[in-house]
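A structural walkthrough
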Amino acid sequence: MVITTNKKPLAVNPLKNSQPLGAAIAFLGIDKAVPMLHGCQGCTAFAKSLLERHFREPVYLKTTAITEVEAIMGGGESITKGINKVLDQTHPDLIGLITTGLTGVKGDEFHGVLANFRQISSAFKDMLIVPVSAPDYAGCLQEGYALAVSSLVAELVSRTPDRDHKQITLLPGSFLKPADIWELKETALAFGLKTLVLPDISGSLDGHLAEEQVFIAQGGIKLTDIPKTARSAAVLSFGESMRNAGLLMREKTGISHRHFDSLFGLFGYDLYLSVLSEISAQPIPDKYRRERKQLQDAMLDCHFYISKRKFALALEPDLLWNFHKLLSEIGGDISLMLSPLETDLLKSSSELKVLIGDLDDLESMEKTGAELVISNSNAVYAAERLNIPLMRAGFPITDRLGVNQRTSVGYRGSMNTLFEISNYFLSNHHARSRNDENSLCH
Amino acid sequence: MLATKAEILQETACEFNKRKARVCQNVEPGGSGVGGCAFDGAQIVLVPITDAAHLVHAPSACVGNSWNTRGSLSSGPFLYKRCFTTDLSENDIVFGSEKKLKKSIEHIAANYQPSAIFVYSTCVTALIGEDITQVCKTAREKLGIAVIPVEAPGFAGSKNFGNRLAGEVLLEHVIGTVDPDTTTEYDINLIGEYNIAGELWNIVRLLKKAGIRVSATITGDAAYKEIASSHTAKLNVMVCSRALINIARGMQDKYNIPFLEESFFGIKNTSQALKNIADKLGKDISIRVTQLIKQEKDILEKQLAPYKTRLKGIRVILYTGGVKSWSIISALSDLGMEVIACGTRKSTPDDIKRMKELLGKETLLLKDSGPQMLVKLAEELKADLMVAGGRNQYTALKAKIPYLDINQEREYPYTSYEGMLNFAKTLEASLASPVWEKIKGAPPWL
């Protein structure tokens, strides 16, 4: 792959989301967990607001609210105070303590502060506090999320002689939405396999109206189930960013590890089903045989609209790779792949061109002749200026409802995505017959 | 010279500063982060200058997480919606990034034709000692446009404190730097009206009917030049917010412009605001205003009548900050609704006094209530509706309580007489929806 980086001294309309956001999402996939951002109060307020706008769900985050003086002298005291207050008010099962750029700069010794805290406050000796260093001057959302998952594995998972051959552990990357995780779980269940998903936002951020309201992450994997992930027949990780968490799990538990870079498209799910079949020693259920044929039929219908069409993708690396796989399967021409971050996987393929940049670069891509942009809601301005439609994907999506409730993985998910993409061009076709060029957009 | 933190905390015109628990101070560790930081507050005030570029000197999260979150609308320029950040990497932090900042400013000046460039320091850049004031000064001399340092790093204080810091920036660097093209005898500035959902436009339209010209809004749908030449107005009107009182007082001291504090929320408030402004501007305007009020009220009362019948007696929990509380109580009572509990989190003693005058004796005043408390109260008091900011939207909805958003994310303008009709329509649409019974009923198999 040819990777180029834009030449600007600054970012204009950044594509990148920050690491602490990703880490917070990961902790929100654990039942009764509280993500606490170690930084200034604004770090938390901004993150909470953005997460609520994307998921359209209440999100409970806490802050260590460090002050100017503490920022200079070290913020250990505010961590101690903050944790005490959280324990007092919300009685969580776990606190995920996340550094921000501010505290990362100071190199606050998280683990030191915590060990100290555990000593002082013997009443909370057993309280689980999982620290993650995820400063926002490095990486992007998917990296912060993966770092949090690795921390959880490091702190909570260890080797056990117990084995449950009817259980698998899934480590879904941040590119998977709540509905995607549902699909993965349901599919495994069809093979008679129970799943433990770390973390499981399909239980907490799927948008469901509960009978009772609690003011903390509700749903998701239970804390007591996290050590049980070591008993599984295998651990499956999804998305390049999650490979390390999967490897760590294998190293710590000795269970076998299978990794999937892509779940979109025919090939992606073929692989998942084959692995499930192998682990469970069960044949592929009829339901999925049927759905595969449906997807193939849909691919035929859609290739008229997608093959040789030019697409501009501006997404975080894991999702970028998945859309690339999906579109390539029926001949979509990806004229621009824009990523906030370079990764090994993106570098591995020789025929692709990837630009590391921001959404402003998307605007200057008129020459590529892209006919559809696939990116997050912030790309709406670029798409408007280019006068081409935007299909929303990734994070954040703040101007569409139902995003997190729609499956993009599996044969059904891929089928629906291909239809959605084709429909942008189909309606355009109709518009042209009315000689109405403006309706091309949205 | 910019006011120091201590000076701002002692702002004489601010009543909060006479109290122990000051609004401008930080939240406690372990808090739920519902309040923004000083950087947030500074952006709230300055970003609605729509033809300026706003460059945030920080790692990605500061502006990445806050970009596009406020619904401050523009009638033309769009540059304020473009997000500029130096997006610092680890290396930038270790080796310093003033050079990068300088190049970024030059890049913006060369490519985006900004009327001015506001450069924001943040926690990280303040901590590593980046001298943004010097960088801005050098850039201004080289580029010949206003390059303005905004030193309001998040950890300096709360959102309100950031509002104040931004006010100081405007007083120091912007207001009074340009002479206006035209002036009239009836020019006023609005302060603290950010044009969320177009609320400013409702007010401007109304004032225009009375012959009053809004020469600058500090800041909503604002051109840089407008603010720069706002020192010639006859009157400053603070709209529903005391956060920028330092601007009003500063302009009074420096340019002899008197100020008022008014609200355009609700019928009574709007009429009172018009009267008070007219009193300051002279007899001609007063006569026109009297006619205008009568005219507008007559039209509105007819339009509101059907909604009022349906909204009468609806029991409301109102949970919002500061000045907004009394102005919304007044608007709700215009519709015959009943406020049974009311938040006073950011209210001054004076606000609370005004609230009490408008409220019944049984109304509960809530100091600082978490979401848990609000839901419990709603159940106990049998509330029909919660009116609150965006942070409590899901608190209400998940508790199956009808909810109206009156903060930064609101979708419809509620100010002035015409906004009152929107307000009533929105309230009625939500309350009348059959959805509330559907979500409460048990499934048939139980």
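Residues numbered from 1 in each chain as written. Chains lettered and ligands numbered in written order. Predicted model: local features only at pLDDT ≥ 70, side-chain atom pairs only at ≥ 80, totals over all residues. Heavy atoms only, no water.

**So, the overall build of chain B**
Heads up, the rule is: Elements are defined by DSSP. Helices are runs of H or I of four residues or more, strands are runs of E of two residues or more, and each kind is numbered from the N terminus. Just to be clear, the radius of gyration here is over C-alpha atoms, and the globule rule we use is 2.2 Å times residues to the power 0.38. Only protein chains enter the accessibility calculation, which uses a 1.4 Å probe. A residue is then buried if its area is under 20% of the maximum for its type, exposed if over 50%, and partly exposed in between. Here, residues are in contact when the closest pair of their heavy atoms is within 4.5 Å.
Counting its secondary structure elements, chain B contains 19 helices and 13 strands. Taking 22 Å as the expected radius of gyration for a compact globule of 446 residues, we find that chain B reaches 23 Å, a close match to that expectation. Projecting the C-alpha coordinates of chain B onto the three principal axes gives extents of approximately 65 × 65 × 40 Å. Here chain B holds 446 residues, and the buried ones make up 59% of them. Nonlocal contacts in chain B, meaning residues at least 24 apart in sequence, comprise 72% of its contacts between residues at least 6 apart.

**A short note on the interface of chain B and chain A**
To keep things clear, this is the line we draw: By definition, the buried area sums, over both parts, the 1.4 Å-probe accessible area that each loses when the two are put together. Within this document, salt bridges are pairs made up of a side-chain nitrogen of Lys or Arg and a carboxyl oxygen of Asp or Glu, the two lying within 4 Å of each other. Contacts described as polar in this section are N or O atom pairs within 3.5 Å, which, within protein, must combine one atom able to donate a hydrogen with one able to accept it, while residues neighboring in sequence count only if both atoms come from side chains. Three classes are used: nonpolar for Ala, Val, Leu, Ile, Met, Phe, Trp, Tyr, Cys and Pro, charged for Asp, Glu, Lys and Arg, and polar for all others, with Gly counted as polar.
With 66 residues of chain B in contact, the opposing surface of chain A contributes 59 residues. Here chain B meets chain A over a buried area of about 5200 Å², counting both sides, of which 61% is carbon and sulfur. Where chain B touches chain A, the interface holds four salt bridges. For A:Asp360, the salt bridge identified is with B:Arg82, shortest N-O distance 2.9 Å. Where chain B packs against chain A, one counts 13 residue pairs in polar contact (both at pLDDT 80 or more). Of all the secondary structure elements, the ones that give two or more residues to the side of chain B that touches chain A are helix H2 (38–46), helix H3 (60–64), strand E2 (84–85), helix H4 (90–95), helix H5 (98–112), helix H6 (123–127), helix H16 (371–380) and helix H17 (393–398) of chain B. For the side of chain B that touches chain A, the element with the highest residue contribution is H5(B), accounting for six residues. Of the residues belonging to the side of chain B that touches chain A, the class tally is 29 nonpolar, 25 polar and twelve charged.

**Description of the sheet that holds strand E6 (residues 213–218) of chain B**
Residues and elements named next belong to chain B. Rule in force here: One bridge is not enough; two strands pair if DSSP finds at least two bridges between them. The convention used is that axes are lines fitted to C-alpha atoms, helices contributing only their stretch in contact, and that angles between N-to-C directions extend from 0 to 180 degrees.
The strand order across the open sheet formed by four strands is E6-E5-E7-E8, and the pairing between neighbours is parallel. Lying at the two open borders of the sheet, with one neighbouring strand each, are E6 and strand E8 (259–262). Here the strands of the sheet are splayed against their neighbours by 25° on average, with no regard to which way each runs. With four bridges connecting them, strand E7 (residues 235–239) and E8 associate as parallel partners. Across the sheet, the residue bridging to Val-239 is Glu-262, located in E8.

**Some points on the sheet that holds strand E11 (residues 364–366) of chain B**
All names here are of chain B. Overall, parallel pairing links the five strands, which are arranged E11-E10-E9-E12-E13 in an open sheet. Looking at the sheet topology across the chains shown, the edges are occupied by E11 and strand E13 (403–405). Within this sheet the neighbouring strands show an average axis-to-axis angle of 20°, counted without direction. As judged from the four bridges shared by strand E9 (residues 315–319) and strand E12 (residues 385–388), these two strands associate in the parallel manner. Note on E12: the bridge partner recorded for Tyr-319 is Ala-388. On top of the sheet, helix H18 (residues 416–432) reaches E12 and E13; it is set at about 150° to E13, its chief contact.

**Here's the deal with the pairing of strand E11 (residues 310–314) of chain A**
Residue and element names in this part refer to chain A. This is how the line gets drawn: For the handedness criterion, the strands are oriented away from the viewer, and a crossover whose path from the first strand over the helix to the second runs clockwise is classed as right-handed.
Burial analysis of E11 places four of its five residues in the buried class, the great majority of the element. Bridge count between E11 and strand E12 (residues 333–339): five bridges; the pairing is parallel. Considered in E12, the bridge of Ala-312 is made with Leu-336. Each parallel crossover has a hand, and the one from E11 via helix H13 (residues 317–328) to E12 is right-handed.

**Examining the confidence of the model for chain B**
All names here are of chain B. Put simply, the test is: Residue-level confidence of the predictor, termed pLDDT, takes values from 0 up to 100.
Mean pLDDT for chain B: 89, with 93% of residues reaching 70 or above. Note that pLDDT drops below 50 for residues 19–23; the model gives that stretch nine contacts with residues more than four away or on any other chain. The ipTM for the predicted assembly is 0.92, set against a pTM of 0.93.

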